[in-house]
Structures are given as structure tokens and as C-alpha cells.
Amino acid sequence: MVKAVRMHVTGGPEVMVYEDVDLGKPGPGEVLVRHKACGLNYIDVYFRTGLYPQQLPAGLGMEGAGVVEAIGDGVTYVSVGDRVAYAGRPIGAYSEARIMPADNLVRLPATISFETAAAMMLQGLTVQYLFHRTFPLKGGETILFHAAAGGVGLIACQWARAIGVTIIGTVGSDEKAALAKEHGCTHVINYNTENFVERVKEITGGKGVPVVYDSIGKDTFIGSLDCLAPLGMMVSFGNASGPVPAFSLNELASRGSLFITRPSLMSYTAKRQDLETMAAHLFSMVESGKVKIDIRQRYPLSEVAQAHRDLEARKTTGSTLLIP
Ligand SMILES: NC(=O)c1ccc[n+]([C@@H]2O[C@H](COP(=O)([O-])OP(=O)(O)OC[C@H]3O[C@@H](n4cnc5c(N)ncnc54)[C@H](OP(=O)(O)O)[C@@H]3O)[C@@H](O)[C@H]2O)c1
């Protein structure tokens, strides 16, 4: 038996219960991972509230790091005793230990601690694909990135600086503005007190930006389109303020033949080779010191409800860990 966070209904943070679960043994292609740390991500809120539906009862959490304790038949990617980490499905990372498919795991280099891995796999791999595959940045661009002081945001600020990209970041408070700046954000806009569309136009001399990375959704969507230069790319990759409502494609035409995509990390890591390439890139960015994973909150796994409350109340910055 191990302790795990489960939900039997969708709803507020109180629906998450910390209970005993029977793990059993790993089947063919599966491994048992004992977690040292689990990552907290905004996507966990979408699953908890039911915005992203799943069959119930269910676990929660999509990111963890730990040690392989047992393996099933036919497992070749990892061995017992390996230090590993993962981001993505199947859901169920909020646990002391779990069974999962071996091919979702990557082995950790000795230079990457369990805590760093659990804090960066989902958010760091996201920045990797957003900047190098969704809209490949060459260096020299000026881009708009919302929620720049969040988990994905602080990694994005440092990554952009490392590849010679000027990042305009939005944040919800002056403290967050200072934090984003420290992490490499060139221009910071507090979108609670400033009109971010006007500020982006001002910063870019009226030209707009070639790409917006928008994880806020409902509240920023139209404003983000207004920040784009003709033929620009809207990357709508999250919905922290609520899902983007239906809109007319003419909104893209009237602003200059814009492109739009709604990417998800899981599509980009679906092929094992891509996962390995992306993870190697992330590890090298961290090992080189160009990106530092800033773990700014830690909660015991049993206090996950408080962690969710703080995340949704916009009280957290950088990455957050749940410690089993
Ligand atoms: N598609 C993908 O592959 C993918 C992968 C990873 C993450 N994401 C998305 O990226 C975003 C960031 O994820 P994260 O885990 O790093 O979270 P996070 O940025 O640490 O937290 C979310 C932030 O969003 C901002 N926000 C704006 N309006 C909000 C509202 N109404 N309620 C709550 N927060 C609001 C807040 O920052 P301010 O106070 O500064 O506004 C808040 O701190 C999320 O939307 C997540 O779903 C997508």
C-alpha cells in the first residue's frame, strides 16, 4: 500500500483525498517508480475541476522524479535502481510510488537532482517545444510571453535570454515583474495596471511581435491577437483564466493573415525519439547554467489542497514541488 492523492468527483481543492492505494506489481512494459518529488502544474487544476474530463475515480499529477523499484517483462528503457523522471500521461504522479509505462521515463544524469527534475520536466519540456518546434526562434526576435513569473514563465525568460531573443513578459504584480526581470525578461508589463496591447505596440515601435505565447486564455486572447504583426503566430497553450471562447476565423484574416495553434506537450513527446531529444536539450540548458530551475514553493504531498489554492490564487511564482 502507498499513499496517493485521488479524486472521486471533480470540483475545488477539497475533492483531492490523500488515501491508501494498493499498487500491485508492474505488468509487461511497466515499472514501479518510488517518487522523491512530484511537480505541481496548472494542468492539474484543469483535471481537478473537470475542464479536462477524465474517468473517475482518478489520480492526479503529471510529473515526478524518483527511483525505479521494480520492472515488468520486456522493459528495456530502464533498470531497477535507475534515477528517472517523467512528464505527461498517465495521470497519477501525486503519490509516494506508482506503476507506469517504462517508455514515458527518461533516465536522469547525475548532475540533475530529483527535485530539479520534478520541477522542470513538464514546464521545461514545454518551453523547449514552444521555442524550438511550435514557432522555432532563431535569435534576434522580440516575442510576447504571458505569465512570465510563473513556472513555465521563469524558465521561458531564461531560455529566451540564452538564445538571444528579447522577451516581453506579462505579470500580475510589481513583485512578479521584478522576479521576471531577474530571470532575463527584457520588458515586463503588469497587465493588471497597464494595457498590454498598447505597451507591446510601444515597445515594438508599432510593428507588433511575430509570436505570442498565451497560456492565460479567455482574458488575454483577443489582446494577444492585437499584439501580432501580420503573418504572426498565436500560440494558445493554456487557459489559466478560462478557456478561449469560440471566435470567427475572420479575426485572423482582419489582423493580417495570422496563424494560430493550440499545442499540447503530450503531442510533442508522443514519439520516444522526440522525448529523448527534447529531454537532452533541457538537461543541457540546465547543466550549462543557462537555465536555473527556481523552486520557490514546496508542500508535503498531504497538503496538496493548499498548493492548489495558492496556485489558483496566483500566489505562487516559479516552480512548485509536492514532497511525498
Ligand atoms: N499546452 C502545454 O503543453 C502546456 C504545458 C505546460 C503548461 N501549460 C500552461 O501554461 C500555463 C502556466 O503553467 P504553470 O504550471 O507554469 O502555471 P503558473 O504560470 O505558475 O501559474 C499560472 C499563472 O497564470 C496567471 N494567471 C492569469 N490569470 C489567471 C487566473 N484567472 N487564474 C489563475 N492564474 C492566472 C498567474 O500569473 P500572474 O499573477 O502573473 O498573472 C498565475 O501565477 C498554464 O496555463 C498551463 O496550463 C501548457
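Just so it is clear, the structure is predicted and the values come from calculations on it, not from any experiment.

A. Quick look at unusual backbone geometry. Between Leu 56 and the following residue, Pro 57, the backbone shows a cis peptide bond with an omega angle of -5°. Tracing the backbone through its elements, the reader meets Pro 57 in the loop between α1 (42-49) and β4 (58-59). For Ala 147, which is not glycine, the phi torsion reads 55° and is therefore positive. Take Ala 147: it is sitting in the loop between β9 (142-145) and α3 (151-162).

B. Quick look at the pattern of salt bridges. Applying the stated rule across the entire model yields 14 salt bridges. For Glu 19, the salt bridge identified is with Arg 6, shortest N-O distance 3.6 Å. In this pair, Glu 19 sits in strand β2 (residues 16-21) while Arg 6 sits in strand β1 (residues 2-7), placing the two residues 13 residues apart along the sequence. Exposure remark for Glu 19: the relative accessible area of 22% places this residue in the partly exposed category. Between Arg 34 and Glu 69 there is a salt bridge; the shortest N-O distance is 2.7 Å. Of this pair, Arg 34 sits in strand β3 (residues 30-40) while Glu 69 sits in strand β5 (residues 63-71), placing them 35 residues apart in sequence. With a relative accessible area of 33%, Arg 34 lands in the partly exposed category. Using a relative accessible area of 38% as the deciding quantity, one classes Glu 69 as partly exposed. One salt-bridge network, held together by shared partners, links Glu 194, Arg 199 and Glu 202.

C. Representation of the environment of Cys 38 within the structure. With respect to the secondary-structure elements, Cys 38 resides in strand β3. It is 13 Å that separates the C-alpha atoms of Cys 38 and Lys 3, two residues lying 35 residues apart in sequence. The contacts of Cys 38, once residues within four sequence positions are left out, are Glu 63, Gly 64, Ala 93, Ser 95, Ala 118, Thr 320, Leu 321, Leu 322 and Pro 324.

D. Region of the structure containing the state of the cysteines. Under the defined criterion, the tally for this structure stands at zero disulfides. Cys 185 takes part in no disulfide bond, and the closest cysteine sulfur, belonging to Cys 157, lies 4.2 Å away. Take Cys 185: its relative accessible area is 3%, and that puts it in the buried class.

E. Up close: the site of the ligand. Around the ligand, the structure places 29 residues, and the nearest of them are Tyr 129, Lys 176, Tyr 191, Leu 265 and Arg 314. Within the contact set of the ligand, an oxygen atom lies 2.6 Å away from a side-chain nitrogen or oxygen of Tyr 129. Between the ligand and Lys 176 there is a distance of 2.6 Å, counted from an oxygen atom to a side-chain nitrogen or oxygen. Broken down by secondary-structure element, the contributors of at least two residues to the shell around the ligand are α1, α2 (114-134), α3 and α10 (304-312). Ranked by residues supplied to the shell around the ligand, first place goes to α2 with four residues. Residue composition of the shell around the ligand, grouped by class: 14 nonpolar, eleven polar and four charged.

F. Geometry of the packing of α2 against helix α9 (residues 272-287). At a closest axis distance of 9 Å, the pairing of α2 and α9 adopts a crossing angle of 105°. Here α2 is positioned roughly perpendicular relative to α9, judged by the angle of their axes. Between α2 and α9, the contacting residues are Thr 116, Met 120, Met 121, Gly 124, Leu 125, Gln 128, Tyr 129, His 132 and Arg 133 on the first element and Asp 274, Leu 275, Met 278, Ala 279, His 281, Leu 282, Phe 283 and Val 286 on the second. For the contact of α2 with α9, the per-class residue count stands at ten nonpolar, five polar and two charged.

G. Structural context of the sheet that holds β4. In spatial order, the strands read β2-β1-β4; together these three strands make up an open sheet with antiparallel pairing. What marks the edges here is a single partner per strand, and that holds for β2 and β4. Relative to β2, β1 runs antiparallel, the two being bridged by six bridges. Bridge pairing in β2 places Met 7 opposite Met 16.

H. Layout of α10. Of the residues making up α10, those classed as buried are Val 304, Ala 305, Ala 307, His 308, Asp 310 and Leu 311. Packing partners of the buried residues in α10 comprise β1, β2, β3, α1, β15 (295-300) and β16 (319-323). Of the residues flanking the end of α10, it is Arg 314, one or two places downstream, whose phi is positive at about 65°.

I. Local environment of the sheet that holds strand β11 (residues 187-190). Ordered by their spatial adjacency, six strands build an open sheet running β11-β10-β9-β12-β13-β14, and the pairing between neighbours is parallel. Whereas interior strands pair on both sides, the edge strands pair on one side only; in this sheet they are β11 and β14 (259-261). Each strand axis lies, on average, 15° off the axis of its neighbour in the sheet, ignoring direction. Here three bridges tie strand β13 (residues 228-236) to β14, and the two strands are oriented parallel to one another. Looking at β14, one finds that Met 233 is bridged to Phe 259.

Cut-off values and rules
- Residues numbered from 1 in each chain as written.
- Predicted model: local features only at pLDDT ≥ 70, side-chain atom pairs only at ≥ 80, totals over all residues.
- Heavy atoms only, no water.
- Helix = DSSP H or I, 4+ residues; strand = E, 2+ residues; numbered from the N terminus.
- Salt bridge = Lys/Arg side-chain N within 4 Å of Asp/Glu carboxyl O.
- Buried < 20%, exposed > 50% of the residue type's maximum accessible area, 1.4 Å probe, protein only.
- Contact = heavy atoms within 4.5 Å.
- Disulfide = S-S within 2.5 Å.
- Near = heavy atom within 4 Å.
- Polar contact = N/O pair within 3.5 Å; in protein donor to acceptor, adjacent residues only side chain to side chain.
- Nonpolar A, V, L, I, M, F, W, Y, C, P; charged D, E, K, R; others polar.
- Axes fitted to C-alpha atoms, helices over the stretch in contact; angles between N-to-C directions.
- Parallel < 35°, antiparallel > 145°, perpendicular 65-115°, else oblique.
- Pairing = 2+ DSSP bridges.

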